[in-house]
Amino acid sequence: MNKDSKIYVAGHRGLVGSAILKNLESKGYRNLLTRTHSDLDLTNQESVSQFFDKEKPEYVFLAAAKVGGIVANNTYRADFIYHNLMIQNNVIHNSYLNKVKKLLFLGSTCIYPKDADQPMSEDSLLTGALEYTNEPYAISKIAGIKMCESYNLQYGTNYISVMPTNLYGPNDNFDLEKSHVLPALIKKMHLAKLLSENNKEQIIKDLSLENFEDAKEYLLQFGVTAESVEIWGSGKPKREFLWSEDMADACVFIMEKRDFKDTLSGSDEIRNTHINIGTGKDISIKELAETIKDTVGFTGKLIFNSDKPDGTMRKLTDVSKLHDLGWNHRIELKEGINKMYEWYVGKQ
Ligand SMILES: NC(=O)c1ccc[n+]([C@@H]2O[C@H](COP(=O)([O-])OP(=O)(O)OC[C@H]3O[C@@H](n4cnc5c(N)ncnc54)[C@H](OP(=O)(O)O)[C@@H]3O)[C@@H](O)[C@H]2O)c1
């Protein structure tokens, strides 16, 4: 990639896409191509085809996808498989038709079997049954990996798939009904702190509600009061988290410096060419909640509701392939949580 290469970032307003755009801008790339969802619906084959014909991007970061937490994935199973397959089929196929030089496809570590050995290496793909709740989403991501590999093998393209662990950072989704655990905990603790300070004005503003009574009732549904914050499950499961700007840095590093051939293991059957992206370190939900509580300055109690499901006890990525390719994360979790909370408060 050179500084004038035409680079399309699909999903540039999302958590990862916005961080990729910022990273590219900071490195001096000046020919960046973006479209909002309302300007270009990537599930629409005709529109995507016209866009690629007209714009002819040279490099593509595919960070647009339908993304959600466990409840959304389990409830909107059809939407998750349909939207994601359509987006990636349209973007990958049109990249091929329009001779895109390199494409980076973003998947997720939920592609790995529910009972995969820990830490999960790239080679555990398709070795067992998937977690039921996000199976349709995971199948679409596995199809994306296979699309990239198959086009590379049949047509000689240079498409690389990366599988990030849980991400967090600026522009994250803080909606209590749809967000992932880390932004949800930040928002819950922040609002519980405001409740304990009786800061009605800020609470109403944060939740975009008309009055304080509605806000209190709404927060009660999520176990948030002035005295305590409820957390689903026992707090024992362990999870890994990566700062989204580190993720973006890994994506740009791979686009600049690595090719599909660098991802091959040397065996005759070419598979599992995707690359895990993470820190290789995990933390229990209890420790995470306590760290966020300290960062936010909430002094009430944390109540772990063991009647709610825990999910998989451990999901840690094996990042040795990524390290061998020459990239390591920079932001440790505690520092990232501080930055995230500063960002959240700053945008109020
Ligand atoms: N966040 C994580 O923890 C995480 C973890 C592992 C993997 N990933 C992967 O990383 C990638 C990016 O995730 P993210 O967290 O950045 O997601 P995000 O914040 O939800 O952003 C996704 C972006 O895609 C756009 N988009 C969705 N459907 C579209 C469509 N039909 N046409 C055009 N644009 C569309 C969205 O626009 P609108 O908002 O306007 O719809 C949004 O800007 C995804 O492939 C995801 O699977 C994320």
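Residues numbered from 1 in each chain as written. Predicted model: local features only at pLDDT ≥ 70, side-chain atom pairs only at ≥ 80, totals over all residues. Heavy atoms only, no water.

1. Regarding empty space enclosed by the protein
No. 1: The full count for this structure, using the stated rule, is one cavity of 30 Å³ or more.
No. 2: There is about 30 Å³ of room inside the largest cavity.
No. 3: Lining of the largest cavity is provided by L264, S265, G266, S267, E269, I270, R271 and T273.
No. 4: Of the residues assigned to the lining of the largest cavity, the class counts are two nonpolar, four polar and two charged. (1 Å grid on protein atoms, 1.4 Å probe; cavity = no way out; pocket = protein on both sides within 12 Å on 5 of 7 lines; lining within 4 Å. Points joined across faces, edges and corners; volume = space filled by probe spheres on them. Nonpolar A, V, L, I, M, F, W, Y, C, P; charged D, E, K, R; others polar.)

2. Concerning a nonpolar patch on the surface
No. 1: A cluster of nonpolar side chains, I70, V71 and W232, forms an exposed patch at the surface whose accessible area comes to about 330 Å².
No. 2: Checked against the element boundaries, V71 lands in helix 3 (residues 70–75).
No. 3: Classification of V71 as partly exposed rests on a relative accessible area of 48%. (Patch = residues over 30% accessible without salt bridge, like charges linked within 9 Å, V, L, I, M, F, W, Y side chains within 5 Å. Areas by Shrake-Rupley, 256 points an atom, 1.4 Å probe, with all protein chains shown as cover. Salt bridge = Lys/Arg side-chain N within 4 Å of Asp/Glu carboxyl O. Helix = DSSP H or I, 4+ residues; strand = E, 2+ residues; numbered from the N terminus. Buried < 20%, exposed > 50% of the residue type's maximum accessible area, 1.4 Å probe, protein only.)

3. What to know about the nonpolar core
Buried together is how nonpolar side chains tend to be arranged in soluble globular proteins.
No. 1: Counting 36 residues, the largest nonpolar core has L182, I203, L288 and I292 as its most contacted members.
No. 2: Of all the secondary structure elements, the ones that give two or more residues to this core are helix 6 (181–196), helix 7 (200–207), helix 8 (212–221), strand 7 (228–232), strand 9 (241–243), helix 10 (285–296) and helix 12 (333–346).
No. 3: The element contributing the most residues to this core is helix 6, with eight residues.
No. 4: F52, I111, L130 and Y159 belong to the second largest nonpolar core, which has 35 residues in total. (Core = buried A, V, L, I, M, F, W, Y, C linked by side-chain atoms within 4.5 Å.)

4. Details of the sheet that holds strand 2 (residues 32–33)
No. 1: Pairing in this open sheet of six strands is parallel, and the strands run 2-1-3-4-5-10 from one edge to the other. Whereas interior strands pair on both sides, the edge strands pair on one side only; in this sheet they are strand 2 and strand 10 (275–277).
No. 2: Two strands pair when backbone bridges link them, and strand 5 (residues 159–164) and strand 10 are joined in this way by three bridges, in the parallel orientation. Each residue of the ladder has a partner; that of V162, found in strand 10, is I275.
No. 3: Seen against the sheet, helix 1 (residues 15–26) touches strand 1 (7–10), strand 2, strand 3 (59–62) and strand 4 (102–106) and runs at an angle of roughly 155° to strand 1.
No. 4: In the packing of helix 9 (residues 244–257) onto the sheet, contacts are made with strand 3, strand 4, strand 5 and strand 10, and the angle to strand 4 comes to roughly 150°. (Pairing = 2+ DSSP bridges. Contact = heavy atoms within 4.5 Å. Axes fitted to C-alpha atoms, helices over the stretch in contact; angles between N-to-C directions.)

5. Digging into unusual backbone geometry
Among all residues except glycine, the phi angle is most often negative; among peptide bonds, the trans geometry is most common.
No. 1: Cis geometry is found at the peptide bond from Q118 to P119, where omega equals -10°.
No. 2: You can see P119 is positioned in the loop between strand 4 and helix 5 (135–155).
No. 3: For S208, which is not glycine, the phi torsion reads 50° and is therefore positive.
No. 4: Topologically, S208 is positioned in the loop between helix 7 and helix 8.

6. Some words on the domain arrangement of the protein
Accessible area lost on assembly of the parts is the figure often given for the size of an interface.
No. 1: Partitioning the protein into structural domains gives domain 1 (7–170 + 240–281 + 315–332) and domain 2 (181–236 + 283–314 + 340–346).
No. 2: Taken over C-alpha atoms, the centre of domain 1 sits 31 Å from the centre of domain 2.
No. 3: With 10 residues of domain 1 at the interface, the matching set in domain 2 holds eight residues.
No. 4: Summing the contributions of domain 1 and of domain 2, the shared interface buries around 960 Å²; its carbon and sulfur component is 74%.
No. 5: Joining domain 1 to domain 2, the criterion identifies zero salt bridges.
No. 6: In this assembly, domain 1 and domain 2 are joined by one residue pair in polar contact (both at pLDDT 80 or more).
No. 7: Taken together, the residues of the side of domain 1 that touches domain 2 break down into five nonpolar, two polar and three charged. (Domains from an automatic or database assignment. Buried area = accessible area lost by both parts, 1.4 Å probe. Polar contact = N/O pair within 3.5 Å; in protein donor to acceptor, adjacent residues only side chain to side chain.)

7. Quick look at the site of the ligand
No. 1: Taken together, 25 residues sit near the ligand, with V16, H37, Y137, K141 and L167 positioned nearest.
No. 2: In the environment of the ligand, an oxygen atom lies 3.3 Å from a nitrogen or oxygen atom belonging to the backbone of G14.
No. 3: One nitrogen or oxygen atom from the main chain of L106 is found 3.2 Å from an oxygen atom belonging to the ligand.
No. 4: Protein chains shield 81% of the accessible area of the ligand, which is 890 Å² for the free molecule.
No. 5: Those elements that place two or more of their residues in the shell around the ligand are helix 1, helix 5 and strand 6 (166–168). (Near = heavy atom within 4 Å.)

8. Some points on the sheet that holds strand 13 (residues 314–315)
No. 1: Ordered in space as 11-8-13, the three strands form an open sheet in which the pairing is mixed. Pairing within the sheet leaves two strands with one partner each, and these edge strands are strand 11 (283–284) and strand 13.
No. 2: Note that strand 8 (residues 238–239) and strand 13 share two bridges and pair parallel. Each residue of the ladder has a partner; that of R239, found in strand 13, is K315.

9. Some words on the pairing of strand 4
No. 1: Summarising burial for strand 4: five of the five residues are buried, a large majority.
No. 2: With burial as the criterion, each face of strand 4 is covered, one bearing K102, L104 and L106 and the other bearing L103 and F105.
No. 3: As defined by bridge partners, strand 3 adjoins strand 4 across four bridges and the pair is classed as parallel. Bridging across to strand 4, Y59 finds its partner in K102.
No. 4: At this point the chain moves from strand 4, through helix 5, to the parallel strand 5, and the crossover so formed is right-handed. (Right-handed = clockwise from strand over helix to strand, strands pointing away.)

10. So, the pattern of salt bridges
No. 1: What the rule picks out here adds up to 19 salt bridges.
No. 2: Between D249 and R330 there is a salt bridge, and its shortest N-O distance comes to 3.3 Å. Residue D249 is located in helix 9, and its partner R330 is located in the loop between helix 11 (320–325) and helix 12; the two are separated by 81 residues in the primary sequence.
No. 3: We classify R330 as exposed; its relative accessible area is 58%.
No. 4: Salt bridges here are not isolated pairs; linked through shared partners, they connect K6, R35, K54 and E55.

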